[in-house]
Amino acid sequence: MRITLIAGNWKMNKSHLEAMRLVQEIGHELADVNPQKVEVVVCPPFTALRTIQTLIDADRYELVLGAQNMYLAEEGAFTGEISAGMLKALNVTYVVLGHSERREILGESDDEVNAKVKMAFEAGLTPLICCGETESEHAAEQTRSKVEHQVQAALAGVRPDQVRSAVIAYEPIWAIGTGQTATPADAQATIAYIRSMVADMVGPDVAGAMRLLYGGSVKAGNAKALMSQSDIDGALVGGASLEAAEFSSIVKAVT
Ligand code: PGA
């Protein structure tokens, strides 16, 4: 019932020309993928969204477009920012919100993430909300309290029918780009905890329908073990999403 979701977060990589090539390679590699079984999302930088959306439409790739961020206001004097409506107009479906790099490097707060989540829903986008603990929080066994706080804050005031369609990615910060991953059992335990928390907030029905992902050094070699855990519905992939063959192998490994 929960369709597996594999999302590639390209971060600040690929010019729009490089992005064109990458999406064509991924599209060819995954030509036979069944969208009823796995939803494959690519999240290029803003500068490549338009080009990629055109290619997905023209070549009928079974790929879905995501953005990596947006601003929390509808429009106005916010130099350098991009609105949810602008993304929607480009046929963007998903928007990554609250990635740890934005929280840690760019100082994004829980309140901002919450405002963005609401704004995304208003514009008809689906937020892909990130949460996760730092290495020191991990060592201090504060993983649950950290993700609980982040998820509660991100979903505060969000309607249950919206929560149902939202996606949450649990990404331990110490696992991002490091080659270290949470063990499948640890990732499952934290993600099951997030699901039980969401159930307490909005009911087991909504929590049971919601897709929860793991992120942090997911590769073709470890994807299957992680994704076969009962509460893990997919992956948010960074580094490995920049190579068509590796990213496609992750998708194939879970189907
Ligand atoms: P990684 O990044 O796969 O390179 O660890 C994951 C992410 O930041 O979403």
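For the structure itself, look to the data block above.
Everything in this summary refers to the structure shown in the same document. Computed from a predicted model, the values in this text were never measured in an experiment.

**A short note on the pattern of salt bridges**
Side-chain pairing between opposite charges can occur once the charged atoms of the two side chains come close.
Part 1 of the reasoning: All chains considered together, the criterion is met by 12 salt bridges.
Part 2 of the reasoning: Here R159 and D161 are joined by a salt bridge, their closest N and O atoms 2.9 Å apart.
Part 3 of the reasoning: Classification of R159 by relative accessible area gives partly exposed; the value is 46%.
Part 4 of the reasoning: The partner of D231 in a salt bridge is R195, and the shortest N-O contact between them spans 2.6 Å. With a gap of 36 residues between them, D231 in the loop between α11 (220-227) and β8 (234-237) and R195 in helix α9 (residues 184-202) connect regions that are remote in the sequence. The pair D231 / R195 is uniform in exposure class, with both members buried.
Part 5 of the reasoning: By sharing partners, the salt bridges in this structure join R2, R195, D231 and D233 into a single network.

**Digging into the sheet that holds strand β2 (residues 38-43)**
Part 1 of the reasoning: Taken in spatial order, the eight strands of this closed barrel run β1-β2-β3-β4-β5-β6-β7-β8, and their pairing is parallel. Averaged over neighbouring strand pairs, the angle between their axes works out to 25 degrees when direction is ignored.
Part 2 of the reasoning: With two bridges connecting them, β2 and strand β3 (residues 64-67) associate as parallel partners. Across the sheet, the residue bridging to V42 is L65, located in β3.
Part 3 of the reasoning: Contacts between helix α7 (residues 143-155) and the sheet are confined to β5 (126-131) and β6 (167-170), with β5 contributing the most and set at about 155 degrees to the helix.

**Notes on helix α2 (residues 46-59)**
Part 1 of the reasoning: Over its 14 residues, α2 extends 21 Å from the first C-alpha to the last, a length consistent with the 20 Å expected when each residue adds 1.5 Å.
Part 2 of the reasoning: Among the residues of α2, A48, L49, T51, I52, Q53, L55 and I56 are the ones counted as buried.
Part 3 of the reasoning: Elements in contact with the buried residues of α2: α1 (16-29), β2, β3 and α3 (84-89).
Part 4 of the reasoning: Trailing α2 by a residue or two, R60 shows a phi angle of about 55 degrees, which is positive.

Here is what the cut-offs are and how they apply
Residues numbered from 1 in each chain as written. Predicted model: local features only at pLDDT ≥ 70, side-chain atom pairs only at ≥ 80, totals over all residues. Heavy atoms only, no water. Salt bridge = Lys/Arg side-chain N within 4 Å of Asp/Glu carboxyl O. Buried < 20%, exposed > 50% of the residue type's maximum accessible area, 1.4 Å probe, protein only. Helix = DSSP H or I, 4+ residues; strand = E, 2+ residues; numbered from the N terminus. Pairing = 2+ DSSP bridges. Axes fitted to C-alpha atoms, helices over the stretch in contact; angles between N-to-C directions. Contact = heavy atoms within 4.5 Å. Expected span 1.5 Å × (residues − 1).

This is a description of form; function is not addressed.
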